[in-house]
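Below are the chains, spelled out letter by letter.
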Amino acid sequence: MSLIRIKSYHPQTEFAPSWNIPLWLTNWTDLTDVDNLREWIANNEKTILDFEFANTGGTGLNENHITTRFGRYNLLEQDHPAFKELLKFLQYSYLEYVQKQQLELKDLQIVCWANILRKDEGMESHAHGAQPDAYLSGNMHLDDYHTRTVYHSSFDPESKIELPNKKGGCVLFPSCTPHYVEPHTRDDVRVSIAFDLRLTGTFDADFFHAIPFINKEILEDIQERSKQQVDNSEQK
């Protein structure tokens, strides 16, 4: 795991913009679960497309892409063990990020969806939200792809970081951060997962099919699981 930043130069006038955008990079090493997720999403593409069209989210994609069904279902509610493990991984990644940044822990809900791109398809620059309650978003790639996701400043598109799309790689970023995906160059499909972490009580969680991500009870359960893992390791 690592923390990297997109940073501006120090402003020389009171009107010059500045930015300091943190990106938290982690990697899910259970590649069997990653494979299971990719297979499930690819096999259920038509089922996801049956959900009501939401909007393009500024990606440049259309109603034929499952990306445009975000908020119409929640990927983490699917009946497959790999999705439960994914939720645990994302929770641990978030807690590590909060600790690294020394941030206040929030009571959060998560909205999670899938993306599939085919040859020559990419995503235009877009952000997941800049509303008053905007918080964190993320994405994860389910195979090694010859594409990069490019994160950049909203003030200067050339102030950017280009990250290769690696299997199991997960990036957590402020929801207001613009980013785009280079066109997929291979004949296979590019499968990824995206999510938004949103403050509990500030939006219509039922409408977006959000589920609890972090709260007091969940945190206590995570801490208990961690304690059990330590105890089991010491016994070995």
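Residues numbered from 1 in each chain as written. Predicted model: local features only at pLDDT ≥ 70, side-chain atom pairs only at ≥ 80, totals over all residues. Heavy atoms only, no water.

A. Structural detail: the side chain of Ser153. Examined against the element boundaries, Ser153 turns out to sit in the loop between strand 6 (148-152) and strand 7 (160-164). Within the local environment of Ser153, its side chain forms a polar contact with the backbone nitrogen of Asp156, the two atoms lying 3.3 Å apart. Ignoring any residue separated from it by four or fewer positions in sequence, one finds Ser153 in contact with Trp19, Ile21, Ser159 and Pro178. (Helix = DSSP H or I, 4+ residues; strand = E, 2+ residues; numbered from the N terminus. Polar contact = N/O pair within 3.5 Å; in protein donor to acceptor, adjacent residues only side chain to side chain. Contact = heavy atoms within 4.5 Å.)

B. Focus on helix 1 (residues 31-43). Its 13 residues place the ends of helix 1 18 Å apart at the C-alpha level, agreeing with the 18 Å of an ideal helix rising 1.5 Å per residue. Burial in helix 1 covers these residues: Asp33, Val34, Leu37, Trp40 and Ile41. Down the axis of helix 1, the sector holding all buried residues measures 130°, keeping them to one side. Across from the buried face of helix 1, at angles greater than 90 degrees, the exposed residues are Thr32 and Asn43. (Expected span 1.5 Å × (residues − 1). Buried < 20%, exposed > 50% of the residue type's maximum accessible area, 1.4 Å probe, protein only. Arc of directions from axis to C-beta.)

C. Highlighting the sheet that holds strand 8 (residues 169-174). A sheet is described by the order of its strands in space; here seven strands give the open sequence 1-2-8-5-10-3-11, paired in antiparallel fashion. Sheet topology places strand 1 (2-7) and strand 11 (211-214) at the edges, where each strand pairs with a single neighbour. Shown here is a sheet whose adjacent strand axes are inclined to one another by a mean of 30°, direction ignored. Inspection of the sheet shows strand 1 paired to strand 2 (residues 20-27) by six bridges, in the antiparallel sense. In the strand pairing of strand 2, Ile6 is matched with Ile21. In the packing of helix 1 onto the sheet, the strands contacted are strand 3 (108-117), strand 5 (136-141) and strand 10 (190-199), and the crossing angle to strand 10 comes to about 95°. (Pairing = 2+ DSSP bridges. Axes fitted to C-alpha atoms, helices over the stretch in contact; angles between N-to-C directions.)

D. Highlighting the pattern of salt bridges. One pass over the structure, following the stated rule, counts 13 salt bridges. Between Arg38 and Asp35 there is a salt bridge, with the nearest N and O atoms lying 3.0 Å from each other. Highlighted residues: Arg38 and Asp35, both in helix 1, separated by three residues, approximately one helical turn. Salt-bridge contacts for Lys160 lead to Glu158; the nearest nitrogen and oxygen are separated by 3.9 Å. For Lys160, a relative accessible area of 32% gives the class partly exposed. (Salt bridge = Lys/Arg side-chain N within 4 Å of Asp/Glu carboxyl O.)

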